[in-house]
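# Chain and residue survey
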Amino acid sequence: MVADRDTAALAHFSPDDIPAATVAVPHSANSPYRNRLLGLLDQQDGSLLSPDLEHVELALSDRLEQQGRPINFVYFIEEGFGSIIAKMAPGRDAEAGILGHKGMTGTVVVLGDNLAPHDCVVQLAGEAMRIPIAPFHEALEQSPTLRLFLLRFVQFLMVQTSYTALTRTPARGSKAVSPDGCCCVRIALAPS
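To start, this report covers the structure provided alongside it.

Scoring rules and cut-offs
Residues numbered from 1 in each chain as written. Predicted model: local features only at pLDDT ≥ 70, side-chain atom pairs only at ≥ 80, totals over all residues. Heavy atoms only, no water. Axes fitted to C-alpha atoms, helices over the stretch in contact; angles between N-to-C directions. Helix = DSSP H or I, 4+ residues; strand = E, 2+ residues; numbered from the N terminus. Parallel < 35°, antiparallel > 145°, perpendicular 65-115°, else oblique. Contact = heavy atoms within 4.5 Å. Nonpolar A, V, L, I, M, F, W, Y, C, P; charged D, E, K, R; others polar. Salt bridge = Lys/Arg side-chain N within 4 Å of Asp/Glu carboxyl O. Buried < 20%, exposed > 50% of the residue type's maximum accessible area, 1.4 Å probe, protein only.

For the pair helix α4 (residues 133–142) and helix α5 (residues 144–167), the least separation of the axes is 5 Å and the interaxial angle reads 110 degrees. In terms of orientation, α4 and α5 fall into the roughly perpendicular class. Along its contact with α4, which presents Phe136, Ala139, Leu140, Glu141 and Gln142, the element α5 presents Pro144, Leu146, Arg147 and Leu150. Here the residues of the contact of α4 with α5 sort into six nonpolar, one polar and two charged.

Okay, structure coming up:
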């Protein structure tokens, strides 16, 4: 849960870089979860998810999401990592992002959709906590603070994927940033 505060101008969100005042309880060794997002939730928001979370093993090449198909589970990776794979033409797949113990799959679910825009494939075997889509939706509906917190993660992932694309694009003699030279991302949110 995000504590009540002025949320204007959040820049470069990363779960590791959240100021202490942003969350009610910082992630600690006392958290029952190794996933950073789950570890940052306060007791109220955590209690909305925890009854439906189940521990699962992730094997190499497990497909957590498949492009164009409904998402059945949201995975909070605790160990290992997965790749978000953008598919274009046959043989023209590209890694668009990486998810590990600081993130989650199913970001489009937070945005209100349930069809995977990309594949998500396990690249390093590990473990995750997963939740079926229906109780995850219910938790988001019940808690605006949970939704806002996860929307900030979605923003972070969007920024990560844009920089991943930039690093894979050959320079063409033009600026890779905006005309004013700024590559800083800021969002303005209405106070809660």
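Okay, back to it.
Evaluation of the coordinates by the stated rule reveals seven salt bridges. With its nearest N and O atoms 2.7 Å apart, the salt bridge here joins Arg63 to Asp119. Note that Arg63 is positioned in strand β3 (residues 63–65) and Asp119 in strand β6 (residues 119–132), a separation of 56 residues in sequence. For the salt bridge of Lys87 with Asp119, the shortest nitrogen-to-oxygen distance reads 3.0 Å. A residue pair is termed long-range when its members are at least 10 positions apart, and Lys87 in the loop between β4 (73–86) and β5 (94–99) and Asp119 in strand β6 qualify at 32 residues. Assessed through its relative accessible area of 35%, Lys87 is described here as partly exposed. Salt bridges linked by common partners bring Arg34, Glu78, Glu79 and Glu127 together as one network.

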